[in-house]
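Next come the chains, spelled out residue by residue.
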Amino acid sequence: MRLKSHLRSLAVPLVAGVLLTTAACGDDGDDDAGGKEPSPAAKSGAGSLAGVCPETVTVQTSWLPNATAFGPLYALLGDEPEVDADRKRATAPLVAGGKDTGISLELRAGGPAIGFAATSAQMYTDEDIDLGVVGGFDEIVQLSATQPTTAVLALLEKDPTMIYWDPETYPEFETIEDVGKSDTTVLYSGGDTYMEYLTGTGILKKDQVDGSFDGSPARFVASGGKLASSGYAAEDPYMFENEIDDWMKPVKGQLVYEAGYPIYGPSLVVRPEAKAGLAPCLEKLIPVIQQSQVDYLRDPDAAIATIVDIAEQYKGGDVLTEGIAKYGIGEMKKLGIASDDAEGEDTTVGNFETRRVQEIIDIGEPIFAEQKKPVKDGLKPADVVTNEFLDTAIGHGG
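Read on for an overview of the structure. Along every chain, residues carry numbers that run from 1 in the direction the sequence is written. Reporting in this predicted model follows two pLDDT cut-offs: at least 70 for local features of residues, and 80 or more for side-chain atom pairs to be given and counted; totals over whole chains, interfaces and linings ignore these cut-offs and use all residues. Hydrogens and water molecules were not included; the side-chain quantities draw on all heavy atoms of the structure.

1. Regarding the packing of aromatic side chains
Stacked, tilted and edge-to-face are the three classes assigned to paired rings of Phe, Tyr and Trp, where Trp is represented by its six-membered ring and a pair needs centres within 6.5 Å; plane angles under 30 degrees give stacked, over 60 edge-to-face, the rest tilted. Counted according to the given criterion, the structure contains 13 aromatic pairs. Aromatic pair Tyr170 and Phe173: ring centres 4.5 Å apart, planes at 10°, arrangement stacked. Just as Tyr170 is buried, Phe173 falls in that class too. An aromatic cluster is built from Tyr164, Phe220, Phe240 and Trp247, whose rings are joined through pairwise contacts. Positioned over the ring face of Trp247 is Lys249, at 4.5 Å from the centre of the ring. Three exposure classes are used, based on accessible area relative to the maximum for each residue type with a 1.4 Å probe and protein chains only: buried under 20%, partly exposed in between, and exposed over 50%. Any Lys NZ or Arg CZ that is within 6 Å of a ring centre and within 35 degrees of that ring's normal is treated as a charge sitting over the ring.

2. Brief notes about the pattern of salt bridges
Salt bridges are defined by distance alone: a side-chain nitrogen of Lys or Arg within 4 Å of a carboxyl oxygen of Asp or Glu. Going through the model one piece at a time under the given rule, you end up with 14 salt bridges. Among the ionic pairs, Arg87 bridges to Asp84, the shortest N-O distance being 3.0 Å. Overall, the relative accessible area of 51% leaves Arg87 in the exposed class.

3. Observations regarding the packing of helix H6 (residues 193-200) against helix H12 (residues 354-370)
Axis angle and axis distance: for two packed helices, these are the angle between their axes and the distance between the axes, and together they describe the pair. Where H6 contacts H12, the axes come no closer than 10 Å and their chain directions differ by 95°. In terms of their interaxial angle, H6 and H12 are classed as roughly perpendicular. In this structure, H6 uses Thr193, Glu196 and Tyr197 to contact H12, whose residues at the interface are Ile363, Ile367 and Phe368. Gly is placed with the polar residues, together with every amino acid not listed as nonpolar (Ala, Val, Leu, Ile, Met, Phe, Trp, Tyr, Cys and Pro) or charged (Asp, Glu, Lys and Arg). Taken together, the residues of the contact of H6 with H12 break down into 4 nonpolar, 1 polar and 1 charged. In this description, a line fitted to the C-alpha atoms serves as the axis of each element, helices being fitted only across the stretch in contact, and the angle between N-to-C directions of two axes falls anywhere from 0 to 180 degrees. Secondary structure follows DSSP: runs of H or I at least 4 residues long count as helices, runs of E at least 2 residues long count as strands, and numbering of each begins at the N terminus. An angle counts as roughly parallel when it lies under 35 degrees, as roughly antiparallel when it exceeds 145, as roughly perpendicular when it falls between 65 and 115, and as oblique in every other case. Only heavy atoms matter for contacts: two residues are in contact if any of them lie within 4.5 Å across the pair.

4. What to know about the sheet that holds strand E4 (residues 99-108)
Only when DSSP finds a minimum of two bridges between them are two strands counted as paired. Across the sheet, which stays open at both edges, the 7 strands sit in the order E2-E3-E4-E1-E5-E12-E6 with mixed pairing between neighbours. Strands at the two margins of the open sheet, each flanked by one partner only, are strand E2 (82-84) and strand E6 (150-154). In this sheet, neighbouring strand axes are inclined to one another by 30° on average, regardless of whether the strands run parallel or antiparallel. Strands in contact with helix H9 (residues 272-298) are strand E1 (56-60), strand E3 (89-96), strand E5 (131-134), E6 and strand E12 (267-270); relative to E6, the strand with the most contacts, it is inclined by about 10°. Contacting E2, E3 and E4, helix H10 (residues 301-314) crosses the sheet at an angle of about 30° to E2.

5. Brief notes about the nonpolar core
In terms of nonpolar packing, the biggest core is built from 73 residues, with Val59, Leu268, Leu285, Ile286 and Ile289 touching the most fellow members. At 11 residues, H9 tops the list of elements feeding residues into this core. Discounting chain neighbours no more than four positions away, the residues touching Ile286 are Val152, Leu153, Leu268, Phe389 and Leu390. The definition of a nonpolar core used throughout is a set of buried Ala, Val, Leu, Ile, Met, Phe, Trp, Tyr and Cys residues joined through side-chain atoms within 4.5 Å.

So yeah, pure geometry; function would need other evidence.
And the structure:
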């Protein structure tokens, strides 16, 4: 029985039992998180990045190669990347729209490759890192006082974390709230902030959650489906139905996002003190990544082959197959995980909405205060996100 893959780096353990006030969760805000109209350079899209960007743009990701979280970044690696399997790094010319941009891109694996350090922390340890991918947007809020970062692009519109269950054992369950009305034990990895939200609002009961989940499906399978578990909507349903030999049937679940926890998925961040120096590069690079987000969902096959190949060379413990990756693309579209705001009027891919970011701050602040690791005093959305480098014309509908 193989282990599931992860999208998030492990978080610092939190203190349970925080009572929260539920805020309306949605993407109906039309403001721009303190951003400004993109410059002409930003609107120019792909082209030469030489001379304005570092010769090699180094990006620290939050886990091992993954098609859901990091696909658009791996899609920018040119042919035959140079792979350092020991240090788990892949480097190649940065190619956009089939054209060499004149610089190289280095993607570094996170998670076990960096001792499970948070991306934000790693960026302060190694200043050769230009950009990072935080696994969960709440990490940006959590570390805002000690290791601040500014998000410049949302790689996923919604965090793909889900709670799933066996529909044969629990045919009455349709939502996470239904699970909370029962005594069913819910497995999760201790330290995940979303669980503090779910128990703090009473959606799940504190005495029904078990934070000892290690990522393996073994306990869920051994229970015969009597447990519920956290997982990832773009991966786990496929794996349980097609790749876990002792199960091989469907599971059912709901995104934590749909239960009112409104965080974005993995996001691209920069250290605030490095932002000004990188700004000329970001004005041209971020639209390139935006376009890669769009292109990747439309035609992911070549990038998926690259990601699977690199993952195999790393031998990192996670098993990524073409089947998992292709299933994930479909679920990312179906569930709106990787889209722009399909429910509202926002048509820009990768942008942040001020009201939604404020909700995330409002939810996280009391949790982290209870942990005695408070967020930055007076934290505002403009402290943690910016849309200034985005090309507002780039979207999945375009």
